[in-house]
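Coordinate inspection notes
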Amino acid sequence: LLCLAFLAAAFAFQATPQSGMISSARNGRMVNTRAETVALRGAKINPSMSTDVSQAATLPAPKEFLQKVMSSRTSEKDKNELVEVLRTKRQAAPSQYEEYLDQLTAEVESVEGNKWAEIKWPIPLPSYRVKLGSFNRMLARLLDGEGGRKKAAVAALIRQLPSAKGVEALEQEAERRSRDECTMKEMLARTPEGLETPKYQVLAEKGTWEVRAYAEFSVCSTAMQNGPGAFNTLAGYIFGGNQEQQKMAMTTPVISNPKTNLMSFVMPSAYWTPGSTPPTPLPNAAVQIEGAGGGLILGSEKVAVTWFGGYASRQTTEKRKAALLEDLKADGEWELAESSAEPVLLQYNDPFQPPWKRRNEVAVAVRRKDPQAQPAKA
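Residues numbered from 1 in each chain as written. Predicted model: local features only at pLDDT ≥ 70, side-chain atom pairs only at ≥ 80, totals over all residues. Heavy atoms only, no water.

When helices and strands are tallied, the protein chain shows twelve helices and 14 strands. Summarising the internal contacts of the protein chain: among those between residues at least 6 apart in sequence, 69% fall at separations of at least 24. Counting every atom, the protein chain has about 19400 Å² of accessible surface; 52% of that belongs to carbon and sulfur. (Helix = DSSP H or I, 4+ residues; strand = E, 2+ residues; numbered from the N terminus. Contact = heavy atoms within 4.5 Å. Areas by Shrake-Rupley, 256 points an atom, 1.4 Å probe, with all protein chains shown as cover.)

Structure below.
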């Protein structure tokens, strides 16, 4: 097996293009990426990085970038410096960042149809094409049919590579954590550290869902929009875009309520108690402060919750909501607090976390069933 593996590695090395030519996913033409670099003019580099600014201000050709960040031989420090330059490019020159991501994506997809790259080898091989194959398999798992997320998924994977011992190790981690994502223990491990989240007590465990009793908490809310508009509006308020110009700590989760068409950020706990005075939204900001979790615990502090990993796409979320409502119908102890109640979506992670590190939940207010109203058992 080892002999076969090394023969395959040698073949893959020989098959690696030497011209530096890749197919651009954006315009279908061939571009020479060996000589091409993207300059980060005027970008701010993290002062903690020890790399000389003149070096850190340049992104290498996409192939060289991927070779370095996917390799187990590149130090975590060097990988972090490359990812930092990419991150600052996103802030300083968004159009060039998007173009560079197009080229990275095309480079990853260039191994599609390559039989050696498509094999998941039992040991890591020193082959660029085999490593691209590992990256491409993870990309397909991230997308799960949602092609519109392709570049965002590539960026999310790149952000995970510095702390991994090579792209193959990251693929193994993704597979393991995807298998474990059905447990609440795994979901709790995915909750971001250092961020406040509403307090609750688990009243009943039902396997794939549970019933919680939430303590009072308040939120800031705004109308949901297409794109990131609502998120950016709330982030602006939290980070000082208010009449007092007061900055607040970020919290989790972000709550999306389809019934009210509102997106909500949880306020810091200093503003959860009655009589506390949160910063005043700007007059035209369309931000409102609400208690009772923005309506989540308005009808009842008891909430039925189910959880899932991955991206909370509309289709996936609707399936999870329907499953939770079916579970409640079949349950002998709990029922909807209101017959017209509709589950809300709770998302705990930033947009750059990959699916196997994401915690999502759908939740709806419930109450205990009246024993007197239950049909008598035969």
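The biggest cluster of nonpolar side chains holds 36 residues, and the ones touching the most others in it are Phe65, Leu66, Met70, Leu104, Phe135, Leu157 and Ile158. At the level of elements, α3 (62–70), α4 (76–92), α5 (94–109), α7 (128–143), α8 (150–160) and α9 (167–180) are the ones that each hand at least two residues to this core. Dropping the residues within four chain positions of it, Phe65 is found in contact with Leu59, Pro60, Leu82, Leu86, Tyr100, Leu104 and Ile158. (Core = buried A, V, L, I, M, F, W, Y, C linked by side-chain atoms within 4.5 Å. Buried < 20%, exposed > 50% of the residue type's maximum accessible area, 1.4 Å probe, protein only.)

Summed over the entire model, instances satisfying the criterion amount to 19 salt bridges. Salt-bridge contacts for Lys131 lead to Glu168; the nearest nitrogen and oxygen are separated by 3.0 Å. With Lys131 in helix α7 and Glu168 in helix α9, the pair connects residues that are 37 residues apart, well separated along the chain. Between Arg190 and Glu186 there is a salt bridge whose closest N-O contact spans 3.0 Å. (Salt bridge = Lys/Arg side-chain N within 4 Å of Asp/Glu carboxyl O.)

Here we take up the confidence of the model for the protein chain. Any segment with low pLDDT has predicted coordinates that should not be analysed in fine detail. Confidence along the protein chain averages 80 in pLDDT terms, with 80% of residues attaining 70 or more. Across residues 1–56 the pLDDT falls below 50, and counting only partners more than four positions away or on other chains, this stretch makes 88 contacts in the model. (pLDDT = per-residue confidence, 0-100.)

Time to look at unusual backbone geometry. For the bond running from Thr252 to Pro253, omega is 5 degrees, close enough to zero to count as cis. By the element assignment, Pro253 lies in the loop between α11 (229–238) and β8 (254–257). With a phi angle near 60 degrees, Asn261 is a residue other than glycine that sits in the positive phi range. Look at Asn261 and you get partly exposed, because its relative accessible area is 39%. At Ala292, a position not held by glycine, the phi torsion is positive, near 50 degrees. Looking at the element boundaries, Ala292 is found in the loop between β10 (288–290) and β11 (302–308).

In regular strands, side chains alternate between the two faces of the sheet. When strand β5 (residues 200–205) meets strand β6 (residues 209–214), the two strands line up antiparallel, connected through five bridges. Across the sheet, residue Ala204 finds its bridge partner in β6, namely Val211. Linking β5 to β6, which pair antiparallel, is a turn of three residues; within it Gly207 sits at a positive phi near 90 degrees. (Pairing = 2+ DSSP bridges.)

This part is about the environment of Arg190. Its place among the elements puts Arg190 in the loop between α10 (184–189) and β5. Classification of Arg190 by relative accessible area gives buried; the value is 3%. Distance in space between the C-alpha atoms of Arg190 and Trp356 is 8.6 Å, their sequence separation being 166 residues.

Another aspect to go through is α11. Spacing of three or four residues puts side chains on the same side of an α-helix, whose turn is 3.6 residues. Of all the positions in α11, only Ala230, Leu234, Ala235, Tyr237 and Ile238 are classed as buried. Buried residues along α11 cover an arc of 160 degrees about the axis, so they all sit on one side. Residues of α11 that are buried sit in contact with β7 (219–223), β9 (262–266) and β10. (Arc of directions from axis to C-beta.)

Turning to the packing of α7 against α8, a few remarks are in order. As a packed pair, α7 and α8 sit with axes 10 Å apart at the nearest point and diverge in direction by 125 degrees. The angle between the axes of α7 and α8 places the two elements in the oblique class. Crossing geometry of α7 relative to α8 is assigned as right-handed. Contact residues: Phe135, Met138, Leu139, Leu142 and Leu143 in α7; Lys150, Ala153, Val154, Leu157 and Ile158 in α8. Residue composition of the contact of α7 with α8, grouped by class: nine nonpolar, no polar and one charged. (Axes fitted to C-alpha atoms, helices over the stretch in contact; angles between N-to-C directions. Parallel < 35°, antiparallel > 145°, perpendicular 65-115°, else oblique. Left-handed = near helix turned anticlockwise from the far one by under 90°. Nonpolar A, V, L, I, M, F, W, Y, C, P; charged D, E, K, R; others polar.)

What follows concerns the environment of Ser339. Tracing the chain through its elements places Ser339 in the loop between β12 (334–336) and β13 (344–347). In the structure, Ser339 is positioned 27 residues away from Val366 in sequence and 9.8 Å away in space, judged by C-alpha atoms.

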